[in-house]
Amino acid sequence: MDARAGAAEKLAALVRYETVSATDPAQFKYAEFEKLHAYLAKAFPLVHERLQVEVINSYSLLYTWAGQDKHLKPILFSAHTDVVPVEAASAAAWQEQPFAGKVKEGYVWGRGTMDDKYRVIAMLEAVERLLKQGHEPERTLYLAFGHDEEIGGEEGAGKIAQHLEQQGVQLEAVFDEGLAIAEGVVPGIQEPLALVGTAAKGSLNLLLTVNGGGGHSSAPPAETTIGILSSAIQRLHENPFRPRLTATTRASLEILTERMGGKYRFAMRHYGLFKGRILKKLSEDRATDVLIRTKLVPTVISGGEKSNVLPRQATALLNVRILSGEDEQTVLRHVRQAIQDERVQIERQGEYTPPSPVTATDTWIFVALKATILETFPDVLVVPALFPGGTDAKHYTNLTSNIFRFAPQTVTRESAQLIHNVNERLSVEVLEQSISFYGTLIRNTCGSTALEQLADNDESILGAE
């Protein structure tokens, strides 16, 4: 079996472990994570022989590849082994069973192939191959694989970060999942865009609750709990958050419009004059609308148990992704002003994650990342950008100011919809490119100090696009 086929089968095997995140600990299949750990030990023998392997909080993994120079701050690669559930309503729509882990027609099929088990395999396979070649890093490398990223990562990456902090570790950089190489997303730009997340939105869940008198459905009141709740949700839909261009997104647009030329370049160079038109244009596409405003959407609605009984309570869970410059209080203020109904109780549910700090790009570590991307994907345009989601990276902000959210896979608008969706799958070619990417990234960030010295001596490289 060649290396490419072997890596694909390793990913397929990982898919077969139903490591689904569940908010209820009683529903968490912890044994599946233990089986996954045992499989990794067999699939990557050199990694498990030569690296220090620690199980953190019973179900997360931390690998340490000790570097020769102890004075260099370590690098951390972050990924996660958990996946989202498969909705019962979608089960029949899968072409291959979501946990069968089948390799077919050049793809590995199943839940977690795109998010995020392929990166677990890519990182371990890259290290395994480097070990076979006799490579020894100068800088220490950590591979941190959390087990609950899909529900916030508090017990996985959160505990790994605490463990490192207790040891006094400060990191040079963290590389986590995030944005990817996007094809055909910006009219007028021919080359694919390697979008590197240098900032991320914050997140917050709000619970809306409406209480009422209940009763029989044959004699309903003028307003029911469900009706009041529905009106509140509709008002939120009709009153979105104000659009605003953050420094990160403005920097992204300046790079893109320079490449697009003409009226686009002119408009960005005179942003003050064209601000309204630029924001209006960006708001017309949902892919760019998320970059200019806080987004709120109901994801779970509950109310009623029987067809002829009026529910005494109706609830809706709102997931909020918060733009830089806003916070929990500004979100609550907006929601209250939009709903304007005291019968609707509004409270936070779970943890609040503020918008992330912005990672600088005038550093040697960004030069190393950019060089790695261009070596693996030569025809792309590298663009720092805002990541609209959230990842385990948020747990490492106390350990480094250099956090990059980038997934080494090429996506189109259509293929991006497969994440968390029916028929999730990853091409074998993309998996192999990912392995190559992480091998190169290890050499560029942990293998020698050449790039660091180059960046120190030639500032023009930092600004080159």
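Presented here is a report on the structure given in the accompanying data block. (Residues numbered from 1 in each chain as written. Predicted model: local features only at pLDDT ≥ 70, side-chain atom pairs only at ≥ 80, totals over all residues. Heavy atoms only, no water.)

Before going further, it helps to examine helix H5 (residues 157-166). Think of an α-helix as turning once every 3.6 residues; residues three or four places apart then point the same way. Residues of H5 that are buried: Ala 157, Gly 158, Ile 160, Ala 161, His 163 and Leu 164. Summarising the contacts, the buried residues of H5 are in contact with strand S1 (52-56), strand S2 (60-65), strand S3 (75-80) and strand S6 (141-146). Directly beyond the C-terminal end of H5, a positive phi value near 80 degrees is found at Gly 168. (Buried < 20%, exposed > 50% of the residue type's maximum accessible area, 1.4 Å probe, protein only. Helix = DSSP H or I, 4+ residues; strand = E, 2+ residues; numbered from the N terminus. Contact = heavy atoms within 4.5 Å.)

The next thing to look at is empty space enclosed by the protein. Applying the stated rule across the entire model yields one cavity of 30 Å³ or more. Of the volumes computed, that of the largest cavity is approximately 40 Å³. Considering the residues around the largest cavity, the lining is formed by Arg 119, Phe 175, Asp 176, Leu 369, Phe 404, Phe 406, Phe 437, Tyr 438 and Leu 441. Of all the secondary-structure elements, those providing two or more residues to the lining of the largest cavity are strand S7 (173-182), strand S16 (403-411) and helix H14 (428-447). Ranked by the residues each element gives to the lining of the largest cavity, the list is headed by H14, at three residues. Here the residues of the lining of the largest cavity are counted per class, giving seven nonpolar, no polar and two charged. (1 Å grid on protein atoms, 1.4 Å probe; cavity = no way out; pocket = protein on both sides within 12 Å on 5 of 7 lines; lining within 4 Å. Points joined across faces, edges and corners; volume = space filled by probe spheres on them. Nonpolar A, V, L, I, M, F, W, Y, C, P; charged D, E, K, R; others polar.)

Burial analysis of strand S9 (residues 202-211) places seven of its 10 residues in the buried class, which makes it a mostly covered element. Examined bridge by bridge, S9 and strand S13 (residues 313-322) share 10 bridges and lie antiparallel to one another. By the bridge assignment for S13, Leu 206 is matched with Leu 318. By the bridge criterion, five bridges tie S9 to strand S14 (residues 344-348) in an arrangement that is antiparallel. Along S14, the bridge assignment pairs Thr 209 with Gln 345. (Pairing = 2+ DSSP bridges.)

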